[in-house]
Amino acid sequence: MNKIYCPLNYTMKLIGTKWKPLVLFHLLEGPIRSGKLQNKIPDISNKMFTQTVRELEKDNLINRKVFPVVPPKVEYELTEKGKSLESILRSLDTWGKEMSAF
């Protein structure tokens, strides 16, 4: 059976969870340390944060950089593929601001 390709389905598989768009949106500001990024999303659990960034990294939307220091320092940043989502993420943010006024 042929699988029908749907671009929206592809996009939603990459960013269509509760947390992925939030992580990506906060990374639009530039590279950020793991703890600071997690603090920007107060309702996310440690387990869900770890799962989310791992999936985003696997899908080549973010890069994870580990610095060889004690205590460990981990920083995340958008890849070029991740940066290509900027207009979508900013549009969602703008829409949310406008609709929350109703």
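Located above this text is the structure these notes cover.
This is a predicted model, so every value here is computed, not measured.

How each quantity is defined
Residues numbered from 1 in each chain as written. Predicted model: local features only at pLDDT ≥ 70, side-chain atom pairs only at ≥ 80, totals over all residues. Heavy atoms only, no water. Phe/Tyr/Trp six-rings, centres within 6.5 Å; stacked < 30°, edge-to-face > 60°. Helix = DSSP H or I, 4+ residues; strand = E, 2+ residues; numbered from the N terminus. Buried < 20%, exposed > 50% of the residue type's maximum accessible area, 1.4 Å probe, protein only. Lys NZ or Arg CZ within 6 Å of the ring centre and 35° of its normal. Axes fitted to C-alpha atoms, helices over the stretch in contact; angles between N-to-C directions. Parallel < 35°, antiparallel > 145°, perpendicular 65-115°, else oblique. Contact = heavy atoms within 4.5 Å. Nonpolar A, V, L, I, M, F, W, Y, C, P; charged D, E, K, R; others polar.

Trainee: Describe the packing of aromatic side chains, with residues and values.
Mentor: Scanning all chains against the criterion turns up 1 aromatic pair. Judged by centre distance (6.3 Å) and plane angle (85 degrees), the rings of F49 and Y76 are edge-to-face. Taken together, the residues span a long stretch of sequence, with F49 in helix α4 (residues 46-58) and Y76 in strand β3 (residues 73-78) at a distance of 27 residues. Per residue, the accessibility class of F49 equals that of Y76, and both read buried. Taking the ring centre of F67 as reference, the NZ or CZ of K73 above it sits at 4.4 Å.

Trainee: So what's going on with unusual backbone geometry? Residues and values would help.
Mentor: Residue P71 is reached from V70 by a cis peptide bond, and omega for that bond is -5 degrees. Assignment of secondary structure puts P71 in the loop between β2 (62-67) and β3. Of note, the phi angle at N60 is positive, near 60 degrees, even though the residue is not glycine. Judged by relative accessible area, N60 falls into the partly exposed class, the value being 42%.

Trainee: Can you tell me about the packing of helix α1 (residues 7-15) against helix α2 (residues 20-27), naming the residues and giving the values?
Mentor: Two elements in contact, α1 and α2, have axes whose closest approach is 8 Å; the angle formed by their N-to-C orientations is 80 degrees. By the angle class used here, α1 and α2 are roughly perpendicular. Contacts between α1 and α2 involve K13, L14 and I15 from the first element and K20, P21 and L24 from the second. Each residue belonging to the contact of α1 with α2 can be placed in one class, and the counts come to 4 nonpolar, no polar and 2 charged.

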